[in-house]
Amino acid sequence: MANFLWGTVSRARATRIPFRMGQVLIGDDPFNGRHLGTVAVIDAPYVGLRTAGSAAGDVTFYDYRQLRYPD
């Protein structure tokens, strides 16, 4: 019973990332710059974007609060 409650409380406290894998987003960060890319990795609170023109393994990580949908 204690493990069930601990798991429930842990999930309730976890950061909720409002984005899904494969979505197209714009990341804006003063250090990484502004990039348009698709979501490749979600590791709360960070989201990795794969941008066009980059190598297959290159992913730029942003805090999820620095991401937005393209206009």
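The structure presented is a predicted model; accordingly, all values stated were derived computationally and were not measured. (Residues numbered from 1 in each chain as written. Predicted model: local features only at pLDDT ≥ 70, side-chain atom pairs only at ≥ 80, totals over all residues. Heavy atoms only, no water.)

Engineer: Which parts of the structure should I look at to understand the pattern of salt bridges?
Structural biologist: Side chains that carry opposite charge are capable of pairing whenever their charged atoms lie near each other. Enumeration according to the criterion identifies three salt bridges in this entry. Across the pair Asp63 and Arg65 runs a salt bridge whose closest N-O atoms are separated by 2.9 Å. Assessed through its relative accessible area of 15%, Asp63 is described here as buried. For Arg68, the salt bridge goes to Asp71, with nearest N and O atoms at 3.8 Å. (Salt bridge = Lys/Arg side-chain N within 4 Å of Asp/Glu carboxyl O. Buried < 20%, exposed > 50% of the residue type's maximum accessible area, 1.4 Å probe, protein only.)

Engineer: Would you mind going over the confidence of the model for the protein with me for this structure?
Structural biologist: Low pLDDT means the predicted atomic positions in that stretch should not be read closely. Looking at the protein, the pLDDT average stands at 85 and 89% of residues meet or exceed 70. Confidence, read as mean pLDDT per element, is least for helix α1 (residues 2-13) in the protein (68) and greatest for strand β5 (residues 67-68) (94). (pLDDT = per-residue confidence, 0-100. Helix = DSSP H or I, 4+ residues; strand = E, 2+ residues; numbered from the N terminus.)

Engineer: Before we go on, may I ask you to explain the side chain of Asp29 in this structure?
Structural biologist: Along the polypeptide, Asp29 turns up in strand β1 (residues 24-29). Arg65 is the oppositely charged side chain nearest to the buried, salt-bridge-free Asp29, at an N-O distance of 11 Å. Setting aside chain neighbours within four positions, we find Asp29 in contact with Tyr62 and Gln66. (Lys, Arg positive; Asp, Glu negative; His and termini not counted. Contact = heavy atoms within 4.5 Å.)

Engineer: Quick question: what am I supposed to make of the packing of aromatic side chains here?
Structural biologist: The geometry of two aromatic rings is summed up by the distance between their centres and the angle between their planes. This structure, assessed with the given rule, holds one aromatic pair. Seen in terms of ring centroids, Phe19 and Tyr69 are 5.6 Å apart; in terms of plane orientation they differ by 70°. Their pairing is edge-to-face. Highlighted residues: Phe19 in the loop between α1 and β1 and Tyr69 in the segment after β5, separated in sequence by 50 residues. (Phe/Tyr/Trp six-rings, centres within 6.5 Å; stacked < 30°, edge-to-face > 60°.)

Engineer: Hey, could you run me through the side chain of Thr51 in this one?
Structural biologist: Along the chain, Thr51 falls in strand β3 (residues 46-51). Contacts of Thr51, omitting those with residues within four sequence positions, involve His35, Leu36 and Gly37.

Engineer: What am I meant to see in the environment of Gly27 here?
Structural biologist: Within the secondary structure, Gly27 is located in strand β1. Judged by relative accessible area, which is 0%, Gly27 ranks as buried. When neighbours within four sequence positions are excluded, Gly27 is seen to be in contact with Gly33, Arg34, His35, Leu49, Tyr62, Gln66 and Leu67.

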